[in-house]
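# Examining the three-dimensional arrangement
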Amino acid sequence: MIRMKICKTIQEMRAECRAVRRAGQRLGLVPTMGRCNEGHISLVRAARAKCDVVAASIFVNPTQFGPTEDLGKYPRSFERDCEMLEREGVELLFAPTVEEMYPAGGTTWVTVEGLSDKLDGRSRPGHFRGVATVVAKLFHIVEPDAAFFGQKDAAQVAIIRRMVRDLNMPVEIVVGPIVREADGLAMSSRNAYLDDAQRRQALVLHRALLRVQALADAGERNAGRLIAAGREEFAAEASMRLDYFEIVNAETLDPVEDVSGGALVAVAGYVGSTRLIDNILLANRR
Ligand code: AMP
């Protein structure tokens, strides 16, 4: 097993990444906030399949958390994460401090206009500004040939793809499918907040998406009717507070009326104070 090098400073990480690229090797980056699950690991595996050297980052990015959100209690498991990432063949880990990433006095932000205020951005003002900014910083530090993101965060994917296109960033964006628990719950660091009852209640997210999928498979094309069916599942699960249930174009995040050309069905809700998200992609049937 290759030993994973842990870099805490930007200077160190840059030097390591430059050496990789100077050797003519293709470098992949998997950005994370840690607390690794099989979803994170699937991205590392995809990176290994496409790249010579895999770098990962663990950074709980404060600028993507709102003032009343869970930054302080966000689950962390650095030692375990390191073991998992090293076992999967990650060679470089970037794990900076907040001060390293955000020295005092910074005033520059990346805002992907028109997308940053859709879906999660609507309920989490400033969230996607924080995401786009930190990902842009990571891309400048690592300069990866390819970067790997999970479909779990579908709006994040749309925003990063748009940012890369608009700012001509020389990085290929690769998206991995959602990895789920055996009962269908999408794996997430935030699942750690759920007690047994909440864990069962959270299954309504996937149940509602499956219902939409089944109706679409049976020929329903009208987004309004599909949304109504998905929402019905939530009406039957009163313990879950729905944030949004939307059917949108996966690139623009704008609502669609007809799903024939393919669509993103995205849902977010709260079980207790824990916010969970999930989604499915309906196939283009034109
Ligand atoms: P996070 O640590 O939550 O920021 O996630 C790091 C990366 O892993 C992001 O690109 C996520 O979309 C991805 N990810 C997290 N959970 C899953 C999952 N269950 N399936 C696929 N990708 C995931």
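The following paragraphs examine the structure supplied in this document. This structure is a prediction, so every number in the text was calculated from the model and none was measured.

## Concerning the overall build of the protein
Assigned secondary structure in the protein consists of 10 helices and nine strands. Computed over its C-alpha atoms, the radius of gyration of the protein comes to 19 Å, within 12% of the 19 Å expected for a compact globule of 286 residues. Taken along its principal axes, the extent of the C-alpha atoms in the protein is 55 × 40 × 40 Å. The buried share of the protein, reckoned over its 286 residues, is 54%.

## Some thoughts on the side chain of Gln 64
By the element assignment, Gln 64 lies in the loop between strand 3 (53-58) and helix 3 (78-87). A polar contact of 3.0 Å, which involves the side chain of Gln 64, links it to the side chain of Asn 61.

## Concerning the pattern of salt bridges
Charged atoms that come close allow side chains of opposite charge to pair. In this structure the tally under the stated criterion is 23 salt bridges. Here Glu 86 and Arg 3 are joined by a salt bridge, their closest N and O atoms 3.5 Å apart. Within this pair, whereas Glu 86 is found in helix 3, its partner Arg 3 is found in the segment before strand 1 (5-7), the two being separated by 83 residues in sequence. By relative accessible area, which is 68% here, Arg 3 ends up exposed. A salt bridge links Lys 5 to Glu 16, with the nearest nitrogen and oxygen atoms 3.7 Å apart. Separated by 11 residues along the polypeptide, Lys 5 in strand 1 and Glu 16 in helix 1 (residues 10-22) bring together distant segments of the chain. On the basis of relative accessibility, which here comes to 34%, the residue Lys 5 falls in the partly exposed class. Looking at Glu 16, the relative accessible area reads 26%, which means it is partly exposed. A cluster of three or more residues bridged by salt bridges with shared partners is formed by Arg 207, Arg 211, Glu 232, Glu 233 and Glu 237.

## Considering the sheet that holds strand 2 (residues 27-32)
Within the open sheet, the six strands sit side by side as 1-4-3-2-5-6. Their pairing is parallel. Two strands lie at the open edges of the sheet, namely strand 1 and strand 6 (172-176), each paired on one side alone. Between one strand axis and the next, the sheet turns through 25° on average, direction left out of account. By the bridge criterion, six bridges tie strand 2 to strand 3 in an arrangement that is parallel. The residue of strand 3 that forms the bridge with Pro 31 is Ser 57. In the packing of helix 6 (residues 127-142) onto the sheet, contacts are made with strand 2, strand 3, strand 4 (92-94), strand 5 (146-150) and strand 6, and the angle to strand 2 comes to roughly 150°. Across the sheet, helix 7 (residues 154-166) lies against strand 5 and strand 6, angled at about 170° from strand 6, the strand it touches most.

## Description of unusual backbone geometry
A negative phi angle characterises most non-glycine residues, just as the trans form characterises most peptide bonds. Within the chain, Asn 168 stands out as a residue other than glycine whose phi angle is a positive 55°. Note that Asn 168 resides in the loop between helix 7 and strand 6. Notably, Leu 253 is not glycine yet its phi reads approximately 65°, a positive angle. Residue position: Leu 253 is located in the loop between strand 7 (240-248) and strand 8 (261-271).

## A word on the sheet that holds strand 7
Read across the open sheet, the three strands follow the order 7-8-9; overall the sheet is antiparallel. Edge positions in the sheet fall to strand 7 and strand 9 (274-284), since each has one partner strand and no second. Neighbouring strand axes in the sheet, compared pairwise and without regard to direction, differ in orientation by 10° on average. Note that strand 7 and strand 8 share eight bridges and pair antiparallel. Residue Val 248 lies in a different strand from strand 8, and its bridge partner there is Leu 264. Across the sheet, helix 9 (residues 204-217) touches strand 7, strand 8 and strand 9, and the angle it forms with strand 9 is around 15°.

Here is what the cut-offs are and how they apply
- Residues numbered from 1 in each chain as written.
- Predicted model: local features only at pLDDT ≥ 70, side-chain atom pairs only at ≥ 80, totals over all residues.
- Heavy atoms only, no water.
- Helix = DSSP H or I, 4+ residues; strand = E, 2+ residues; numbered from the N terminus.
- Rg over C-alpha atoms; globule rule 2.2 N^0.38 Å.
- Buried < 20%, exposed > 50% of the residue type's maximum accessible area, 1.4 Å probe, protein only.
- Polar contact = N/O pair within 3.5 Å; in protein donor to acceptor, adjacent residues only side chain to side chain.
- Salt bridge = Lys/Arg side-chain N within 4 Å of Asp/Glu carboxyl O.
- Pairing = 2+ DSSP bridges.
- Axes fitted to C-alpha atoms, helices over the stretch in contact; angles between N-to-C directions.
- Contact = heavy atoms within 4.5 Å.

Any functional reading would require information that these geometric values do not contain.
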